[in-house]
Amino acid sequence: MPPGKFVGFFWKLKASPLKAQKDEAYFLTPPQSKMVRLFVNFLALAILPATLAITRVYNFDIINAKIAPDGFTRDAVTVNGIYPGTAVVANKGDRLQIRTNNKLTSPGMRRSTSIHWHGFFQARTSGMDGPSFVNQCPIAPNSTFLYDFDTAGQTGNFWYHSHLSTQYCDGLRGAIPVYDPQDPLGHLYDVDDASTIITLSDWYHEFAPEVQKQFIQSGAFPIPDSCLINGAGRYNGGPLVPYSVVNVEQGKRYRFRVFSLSCRPFFTFSVDGHNMDIMEFDGIEHNPVPAQNFDIFAAQRVSFILNANQTVGNYWIRAFPTGGDPAGNPNYNPDLTLAVLRYKGAPAVEPTTVNTPGHKLIEGDMHPIEEPGKLGSGPADVAITLNIGQPNPPFFDINGISYLSPPLPVLLQLLSGAKTPQDLIPSEQVFILPPNKLIEISIPGTGFHPFHLHGHAFDLVRPSNADELNFVNPPRRDVAAVAGGNMTFRFFSDNPGAWFLHCHIDWHLEVGLAVVFGEAPAENVEGPQAQITPQDWLDLCPTYDALRPEFQ
């Protein structure tokens, strides 16, 4: 049975729509220019009382549009016709409703879609998490689906991206800053707005399905044509696209929010002539740690504070990408991943500053400001080791199994009564987690594999290559890299649902580097943590199943 086909008896579930909150504000974002749209978003936030949690409604038209972020024009998968996509802006406690209208028409790219809201825990709304065939069936062309979920007090940096095959490499990705009007670290900075959002991404001139096909046939890992900062970059021999400009004023302190929207490379981020105080990992604030540069892997987010205390002028912002030999793509030049930090009063010219190597942030030096080490040092209730293998390149496996999308979403199987691995299709790719237990995951391995856990943040008790375990105050985040040595993290299984754990190099995920956790199966079905299943979610699989293959 091919992926996405449904079995009739699974469709006995009843819809249970979310109840509307009392205070609702409908917040539409038409396909305007990015800066105008961001300004409108932030203006709407500014005029609201700091304690008012509202419902923010966004309209996402998922369309094919011709764009040229590095000067090469190509058709892409976009949100509202722009890249990066429309920024989703919220305050602490807000509820999000994103009406997603699939208007894709290009035969060279995937026509269906789904969107993951990366970093949100989705308590009781696992069906809104987004991964195709884990939490939902894809949204068919010429149809609409409403993503509806509560941010539930989470703040910081999140993002969204397609979670169907490698579609987000074709452009469906964007930032989600969630602001805390009572930020406990707010006294450390003066400015935190649309101007301090920085996105990093790789960009490909060929369509992702073709790139993936070549990868599988040749075994040669995809190498981007360029990398972008805030949606602008250059490639060898291409036009001199203006670099993005980030404006500052001397004497002010800025909280910059850096989002890695990468499909493959990790970036080493720095600002010439400036120190940074890193204060957030993946939506969780940490005690600030000074550094001159930091590595940020695919899907990670980092906030840092920059004091604009240097001479008025222009300074290079650098995000040197690592991942792939530039010799494999003559267009690709990692040194061109640049933007401009421009002080008020400086001329509108490119910088002449140089990169002076300095202290690199050590991930293990970061400690969360709230409940450090809250999981304790006792033995885990459930300990799982995931061994990465590649006996059949380019395909990966974990514990001898290469992940394939199941024939129907894992969450749907759980809601239909599956409680053991033997009840699931296929059984060998899903780990059943008991409720309210301390879970420890260890992933030894070589190479660079940034693993993302859906539905949770975790305590990174052993960053890759660390000599010792830290149970006292480990960093907390939702993406951590296996970078040549064992990586271990812990979390508490208090959020029933179907949760993906996968390498966030999208090309690696597509060739099997993933598993799924079926967390607390019975609690998904009934009780106070039972999943909410709107009718339009239930309708996704029958609609998708009826599509001809070229529309899937």
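Further up the page is the structure itself.
Treat the numbers as computed from the prediction; the structure is a model and nothing was measured.

A.B. asks: An account of the pairing of strand S29 (residues 479–483) is needed here, citing residue identities and associated values.
C.D. replies: Where burial is concerned, most of S29 is hidden: 4 out of the 5 residues are buried. Relative to S29, strand S26 (residues 448–453) is paired through 5 bridges, and the arrangement is antiparallel. Along S29, the bridge assignment pairs His449 with Val482.

A.B. asks: So what about the environment of Gly497? Which residues, and what values?
C.D. replies: Here Gly497 shows up in strand S31 (residues 497–503). As a C-alpha pair, Gly497 and Gly455 span 42 residues in sequence and 7.7 Å in three-dimensional space. Filtering out sequence-adjacent residues up to four positions away, Gly497 remains in contact with Ser126, Leu414, Phe517, Gly518, Glu519, Asn524 and Gln531.

A.B. asks: Explain the state of the cysteines to me, and be specific about the residues and the numbers.
C.D. replies: Applying the stated criterion across every chain yields a total of 2 disulfides. Bridging Cys137 to Cys541, the disulfide has an S-S length of 2.0 Å. Torsion about the S-S bond of the Cys137 and Cys541 cystine: about 85°, corresponding to right-handed handedness. Here Cys137 is found in the loop between strand S6 (115–118) and strand S7 (143–150), whereas its partner Cys541 is found in helix H7 (residues 540–545), with 404 residues between them in sequence.

A.B. asks: Could you give an account of the nonpolar core, naming the residues involved and the relevant values?
C.D. replies: Phe60, Trp117, Ile441, Phe489 and Trp507 are the most contacted members of the largest nonpolar core, which totals 94 residues. No other element matches the 5 residues that helix H3 (residues 410–415) contributes to this core. Dropping the residues within four chain positions of it, Trp507 is found in contact with Thr166, Cys169, Tyr204, Ala208, Val211, Gln212, Phe215, Phe221, Pro222, Cys263 and Arg264.

A.B. asks: I'd love a proper account of the sheet that holds strand S12 (residues 245–248), names of residues and values included.
C.D. replies: Strands sit in the order S12-S20-S19-S14-S17 across an open sheet of 5 strands; the sheet is mixed. Looking at which strands have only one partner, the edges of the open sheet turn out to be S12 and strand S17 (294–296). Direction aside, neighbouring strands of the sheet carry axes that sit 25° apart on average. Across 6 bridges, strand S14 (residues 266–271) lies against strand S19 (residues 314–322) in antiparallel orientation. Counterpart to Val271 in the pairing with S19 is Ile317.

A.B. asks: Give me the side chain of Asp70: which residues, what numbers.
C.D. replies: Relative to the helices and strands, Asp70 resides in the loop between strand S2 (55–67) and strand S3 (74–79). We note that Asp70 is buried and unpaired, the nearest opposite charge coming from Arg74 at a distance of 8.5 Å. Within the structure, Asp70 has its side chain in polar contact with the side chain of His205 (distance 2.8 Å). A distance of 2.7 Å separates polar atoms of two side chains, one belonging to Asp70 and the other to Ser226. Ignoring any residue separated from it by four or fewer positions in sequence, one finds Asp70 in contact with Trp203, His205, Ser226, Leu228, Gly233, Arg234, Tyr235, Pro239 and Val241.

A.B. asks: So what about the sheet that holds strand S27 (residues 458–462)? Which residues, and what values?
C.D. replies: Strands sit in the order S21-S25-S30-S27-S28 across an open sheet of 5 strands; the sheet is mixed. Sheet topology places strand S21 (382–385) and strand S28 (476–477) at the edges, where each strand pairs with a single neighbour. Pairing between S21 and strand S25 (residues 438–443): 4 bridges, direction parallel. The residue bridging Thr385 from the neighbouring strand is Ser442, located in S25.

A.B. asks: Mind laying out the environment of Phe489, listing which residues take part and the relevant values?
C.D. replies: Counting through the fold element by element, Phe489 comes out in strand S30 (residues 487–492). C-alpha of Phe489 to C-alpha of Ile443: the two residues are 46 residues apart in sequence and 8.9 Å apart in space.

A.B. asks: Could you give an account of the packing of aromatic side chains, naming the residues involved and the relevant values?
C.D. replies: The way to describe two aromatic rings as a pair is by their centre distance and the angle between their planes. As enumerated under the stated definition, the model contains 28 aromatic pairs in all. Here Trp117 and Tyr160 contribute two aromatic rings whose centre-to-centre distance is 5.6 Å and whose plane-to-plane angle is 45°, an arrangement assigned as tilted. Here Trp117 is found in strand S6, whereas its partner Tyr160 is found in strand S8 (residues 156–162), with 43 residues between them in sequence. Exposure class is identical for Trp117 and Tyr160. Each is buried. Aromatic pair Phe145 and Tyr147: ring centres 4.8 Å apart, planes at 85°, arrangement edge-to-face. Members of the aromatic cluster, each reached through a chain of ring pairs, are Phe60, Trp117, Phe120, Phe145, Tyr147, Phe149, Phe158 and Tyr160. In this structure, Arg477 packs its charged tip against the face of Phe281, placed 3.7 Å from the ring centre.

Each value, and the rule that gives it
Residues numbered from 1 in each chain as written. Predicted model: local features only at pLDDT ≥ 70, side-chain atom pairs only at ≥ 80, totals over all residues. Heavy atoms only, no water. Buried < 20%, exposed > 50% of the residue type's maximum accessible area, 1.4 Å probe, protein only. Helix = DSSP H or I, 4+ residues; strand = E, 2+ residues; numbered from the N terminus. Pairing = 2+ DSSP bridges. Contact = heavy atoms within 4.5 Å. Disulfide = S-S within 2.5 Å. Core = buried A, V, L, I, M, F, W, Y, C linked by side-chain atoms within 4.5 Å. Axes fitted to C-alpha atoms, helices over the stretch in contact; angles between N-to-C directions. Lys, Arg positive; Asp, Glu negative; His and termini not counted. Salt bridge = Lys/Arg side-chain N within 4 Å of Asp/Glu carboxyl O. Polar contact = N/O pair within 3.5 Å; in protein donor to acceptor, adjacent residues only side chain to side chain. Phe/Tyr/Trp six-rings, centres within 6.5 Å; stacked < 30°, edge-to-face > 60°. Lys NZ or Arg CZ within 6 Å of the ring centre and 35° of its normal.

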